[in-house]
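Secondary and tertiary structure notes
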Amino acid sequence: MSRSVRLLASLGAAALLAGCAGAVPAPAASGSAASLDELSGTVEVYAAASLQRSFDAIATAFEQEHPGITVSAVYDGSSTLATQIGEGAPADVFASADEKNMAKVAAQAPDPQTFAGNTLVIAVPPGNPGGVRALADLAGVTTVLCAPEVPCGAASLTLLSNAGVTVSPASSEQNVTAVLTKVAAAEADAGLVYATDVVGRDDVEAIVPDGADAVVNRYPIAALTDSQNAGAASAFVAFVLSDEGQQILADAGFRAP
């Protein structure tokens, strides 16, 4: 049963009880089945690059449930998106790959909710030409990493530091997609990316390094207070947190929040 049908049933039951008591039924509350069905327009979602595949699927499912709404998504490094939102970008929803960058827009996102988790893996080109087996090997091959200010970069530095490994990256990328692209093109022998980034791909191979489970990125999401389509923004966040949204994320390899 869809969320709209469940809410309609609950509303009907409440009205029936009120009628029996002789009370005047209250107006439909914000977020009721009726108002959800009436939502329309575009919801602008700014989301971390690592969310692209799963959020594309979530957007499709959300639009099927709310045919009046169109989801327009922008994917990039969370630090870049947070800066854009802080400068007035027309975002309705922000989904960050870490809590630090969500905190940068706390004035616009006062109530973020964690919806997923992720860990790192070593990505190598097919056949692993650099012979990478562990984090220590990254110091002796051409390695690309996310920039330190990007969530995957901060997590990479923590993972390497925990292992006592120092790496001088060939390049520091502004999002995890750029790291993966260079590895897949064999422009690098290895890169640290999220576990979800390699799911279902045959142009890279993944190695789970020791200590990966100790470095978990937690992903928060929030509807922004200056959204131009607040109802649709709240509905999208609720969908991501719903059983259906969570299943799509789990299928993509994300951890439960």
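Before reading further, recall that the structure is shown in the block above.
Residues numbered from 1 in each chain as written. Predicted model: local features only at pLDDT ≥ 70, side-chain atom pairs only at ≥ 80, totals over all residues. Heavy atoms only, no water.

**As for the state of the cysteines**
All told, the structure shown has one disulfide when counted by the stated rule. The disulfide that involves cysteine 146 links it to cysteine 152, with 1.8 Å between the sulfurs. Disulfide cysteine 146-cysteine 152: torsion about the S-S bond near -100°, hence left-handed. Taken as a pair, cysteine 146 and cysteine 152 share a single burial class, namely buried. (Disulfide = S-S within 2.5 Å. Buried < 20%, exposed > 50% of the residue type's maximum accessible area, 1.4 Å probe, protein only.)

**Describing the environment of serine 72**
Examined against the element boundaries, serine 72 turns out to sit in strand 2 (residues 69–76). Considering only alpha carbons, one finds serine 72 and glutamate 44, 28 residues apart in sequence, at a separation of 4.9 Å. (Helix = DSSP H or I, 4+ residues; strand = E, 2+ residues; numbered from the N terminus.)

**What about the pattern of salt bridges?**
Scanning the entire structure with this criterion turns up three salt bridges. Between glutamate 173 and lysine 182 there is a salt bridge; the shortest N-O distance is 3.0 Å. Among the salt bridges present, the one from arginine 201 reaches aspartate 203, with a minimum N-O distance of 2.7 Å. (Salt bridge = Lys/Arg side-chain N within 4 Å of Asp/Glu carboxyl O.)

**Quick look at the nonpolar core**
Leu51, Phe55, Phe115 and Phe236 are the most contacted members of the largest nonpolar core, which totals 66 residues. Leave out the neighbours within four places in its chain, and phenylalanine 55 touches Val45, Ala47, Tyr75, Ala95, Phe115, Ile221, Phe236, Val240 and Leu249. One finds Ala89, Ala91, Ala109 and Leu224 within the second-largest nonpolar core, a separate group that totals twelve residues. (Core = buried A, V, L, I, M, F, W, Y, C linked by side-chain atoms within 4.5 Å. Contact = heavy atoms within 4.5 Å.)

**Considering helix 9 (residues 243–251)**
Taken as a whole, helix 9 has its buried residues at Gly245, Gln246, Ile248 and Leu249. Take helix 9 and look down its axis: the buried residues cluster within an arc of 155°, on one side only. For helix 9, exposure combined with an orientation more than 90 degrees from the buried face picks out Asp243 and Asp251. Buried positions along helix 9 lie against helix 3 (52–65), strand 4 (113–118) and helix 8 (230–241). Directly beyond the C-terminal end of helix 9, a positive phi value near 100° is found at glycine 253. (Arc of directions from axis to C-beta.)

**A word on the sheet that holds strand 10 (residues 217–223)**
Paired through their backbone hydrogen bonds, the strands of a sheet run either parallel or antiparallel. Pairing within the open sheet is mixed, and its five strands lie in the order 2-1-3-10-4. Strands at the two margins of the open sheet, each flanked by one partner only, are strand 2 and strand 4. On average, adjacent strands in this sheet sit at an angle of 20° to one another, irrespective of strand direction. Two elements, strand 4 and strand 10, share five bridges in a ladder whose sense is antiparallel. The residue of strand 10 that forms the bridge with alanine 116 is tyrosine 219. Set on the sheet, helix 4 (residues 78–86) makes contact with strand 1 (41–48), strand 2 and strand 3 (93–95); between it and strand 1 the angle comes to about 135°. (Pairing = 2+ DSSP bridges. Axes fitted to C-alpha atoms, helices over the stretch in contact; angles between N-to-C directions.)

Interpretation in functional terms is not warranted from these geometric data alone.
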